[in-house]
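Analysis of the macromolecular model
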Amino acid sequence: MGMVAGFWLSGCSDTASVDSPVARAGSASDIKDKLATTQALRDTDIQVNTQNGKNILSGVVHTQKQKFLASSVARSVEGSGTVVNQLVVK
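A word on unusual backbone geometry
Its identity as a non-glycine residue notwithstanding, Asn52 has a phi of 50°, on the positive side. With respect to the helices, strands and loops of the structure, Asn52 is situated in the loop between strand E1 (45-51) and strand E2 (54-61).

Okay, here's the thing in structure tokens:
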């Protein structure tokens, strides 16, 4: 019976980790997908990388307005956390 309880408890811990805030946080790929589907950002070159829990936008946009919009879109992704905008306007 002790082994059955041990297996059951270990199964519960796996489920708990899936529901943790870290597991639900917006990933770089979620942000990249949302940026790619934003019409005003289609002709830009934006990369999204995660470092130390921060989502970092880098690359090139054509206007200051696109730079601001990219930050807004990235932050709108649920669980995106801290977004650092290192985009360059060219």
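Next, the rest of the story.
Re the sheet that holds E1
Sheet strands associate in pairs through backbone hydrogen bonding, adopting either a parallel or an antiparallel arrangement. As summarised here, the arrangement of the three strands in space is E1-E2-E3, forming an open sheet in which the pairing is mixed. Of all the strands in the sheet, the pair left with one neighbour each is E1 and strand E3 (83-89). Taking the axes of each pair of neighbouring strands and ignoring which way they run, one obtains an average angle of 15° across the sheet. Pairing between E1 and E2: seven bridges, direction antiparallel. Bridge assignment links Gln51 to a residue of E2, and that residue is Lys54. The strands that helix H4 (residues 64-76) touches are E1, E2 and E3; relative to E3, the one it contacts most, it runs at about 160°.

Overview of the pairing of E3
As paired strands, E2 and E3 are joined by seven bridges and run parallel to one another. When the bridges of E3 are listed, Val61 appears paired with Val89. Read as a crossover between parallel neighbours, the route from E2 over H4 to E3 is right-handed.

Observations regarding the packing of helix H3 (residues 28-36) against H4
Axis separation between H3 and H4 bottoms out at 9 Å; the angle between their running directions is 130°. Classified by the angle between their axes, H3 and H4 sit oblique to one another. As for the relative orientation of H3 and H4, their crossing is right-handed in sense. Along its contact with H3, which presents Ile31, Lys34 and Leu35, the element H4 presents Ala70, Val73, Ala74 and Ser76.

Cut-off values and rules
Residues numbered from 1 in each chain as written. Predicted model: local features only at pLDDT ≥ 70, side-chain atom pairs only at ≥ 80, totals over all residues. Heavy atoms only, no water. Helix = DSSP H or I, 4+ residues; strand = E, 2+ residues; numbered from the N terminus. Pairing = 2+ DSSP bridges. Axes fitted to C-alpha atoms, helices over the stretch in contact; angles between N-to-C directions. Contact = heavy atoms within 4.5 Å. Right-handed = clockwise from strand over helix to strand, strands pointing away. Parallel < 35°, antiparallel > 145°, perpendicular 65-115°, else oblique. Left-handed = near helix turned anticlockwise from the far one by under 90°.

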